[in-house]
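Each chain, letter by letter, is given below.
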Amino acid sequence: MAKERRFTMGKKEGAVEGAKIVTDTVTGVQYLFAFDGYAGGLTLLVDKDGKPLIDESYQNK
């Protein structure tokens, strides 16, 4: 029985360095994962009011 993934990764931008959008499949909250070689960081994406960005497909749930 396959376990459903909690997080999905968007399209990768860049080969060795770049960024991906990570989405929580339960809440729809989006994060930015930036990387360069073996280093990387993750941060919450927020709107102009400081509220977390929610993937549009989760807005109406």
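For the structure, check the block above.
First, a word on what this report is: a plain description of the structure on this page. These figures come from a predicted structure and were not determined experimentally.

1. Focus on the environment of Phe-35
1) Next: Within the secondary structure, Phe-35 is located in strand β3 (residues 30–36).
2) Next: Accessibility expressed as a relative area gives 12% for Phe-35, which makes it buried.
3) Next: Measuring from C-alpha to C-alpha, the distance between Phe-35 and Ala-19 comes to 6.1 Å, with 16 residues separating the pair along the chain.

2. Considerations on the environment of Ala-34
1) Next: Along the polypeptide, Ala-34 turns up in strand β3.
2) Next: Under the relative-accessibility criterion, Ala-34 is labelled partly exposed at 34%.
3) Next: For Ala-34 and Ile-21, which are 13 residues apart along the polypeptide, the C-alpha to C-alpha distance reads 8.8 Å.
4) Next: Apart from residues lying up to four places away in sequence, Ala-34 is in contact with Gly-18, Ala-19, Ala-39, Gly-40 and Gly-41.

3. Considerations on the side chain of Thr-23
1) Next: On the secondary structure map, Thr-23 appears in strand β2 (residues 17–24).
2) Next: The contact partners of Thr-23, leaving out residues within four places of it in the chain, are Arg-6, Phe-7, Thr-8, Gly-28, Val-29, Gln-30, Asp-55 and Tyr-58.

4. Observations regarding the sheet that holds strand β4 (residues 39–44)
The strands making up a sheet associate through hydrogen bonds between their backbones, and the pairing can be parallel or antiparallel.
1) Next: Reading across the sheet, the 4 strands line up as β1-β2-β3-β4 and stay open at both edges, with antiparallel pairing between neighbours. A strand with exactly one partner marks an edge of an open sheet, and here the two such strands are β1 (7–9) and β4. The average undirected angle you get between the axes of adjacent strands in this sheet is 25°.
2) Next: Sheet analysis places β2 next to β3, joined by 7 bridges and oriented antiparallel. Bridging across to β3, Val-22 finds its partner in Tyr-31.

5. Some points on the environment of Met-9
1) Next: Tracing the chain through its elements places Met-9 in strand β1.
2) Next: C-alpha of Met-9 to C-alpha of Phe-33: the two residues are 24 residues apart in sequence and 9.1 Å apart in space.
3) Next: Every residue in contact with Met-9, bar those within four places of it in the chain, is listed here: Lys-20, Ile-21, Val-22 and Phe-33.

6. With respect to the pattern of salt bridges
Charged atoms that come close allow side chains of opposite charge to pair.
1) Next: Summed over the entire model, instances satisfying the criterion amount to 1 salt bridge.
2) Next: Taking the shortest distance from any N to any O, the salt bridge between Arg-6 and Asp-24 comes out at 2.8 Å. You can see Arg-6 sitting in the segment before β1 and its partner Asp-24 sitting in strand β2, a full 18 residues away along the chain.

Here is what the cut-offs are and how they apply
Within each chain, residue numbers correspond to sequence positions counted from 1 in written order. Totals for whole chains, interfaces and linings use every residue, but because this is a predicted model, local features are given only for residues with pLDDT of at least 70 and side-chain atom pairs only at 80 or more, for both listing and counting. Side-chain numbers here rest on the full set of heavy atoms in the structure, without hydrogens or water. Numbering of helices and strands runs from the N terminus; a helix is a DSSP stretch of H or I covering at least four residues, while a strand is a stretch of E covering at least two. Categorising residues by exposure relies on relative accessible area from a 1.4 Å probe, with only protein chains included: less than 20% of the type maximum marks a residue as buried, more than 50% marks it as exposed, and the intermediate range marks it as partly exposed. Here, residues are in contact when the closest pair of their heavy atoms is within 4.5 Å. Strands were regarded as paired on the criterion that DSSP finds at least two bridges between them. Axis lines are fitted to C-alpha atoms, over the contacting stretch for helices. Their N-to-C directions set the angle, which ranges from 0 to 180 degrees. By definition, a salt bridge exists where a carboxyl oxygen of Asp or Glu is found within 4 Å of a side-chain nitrogen of Lys or Arg.

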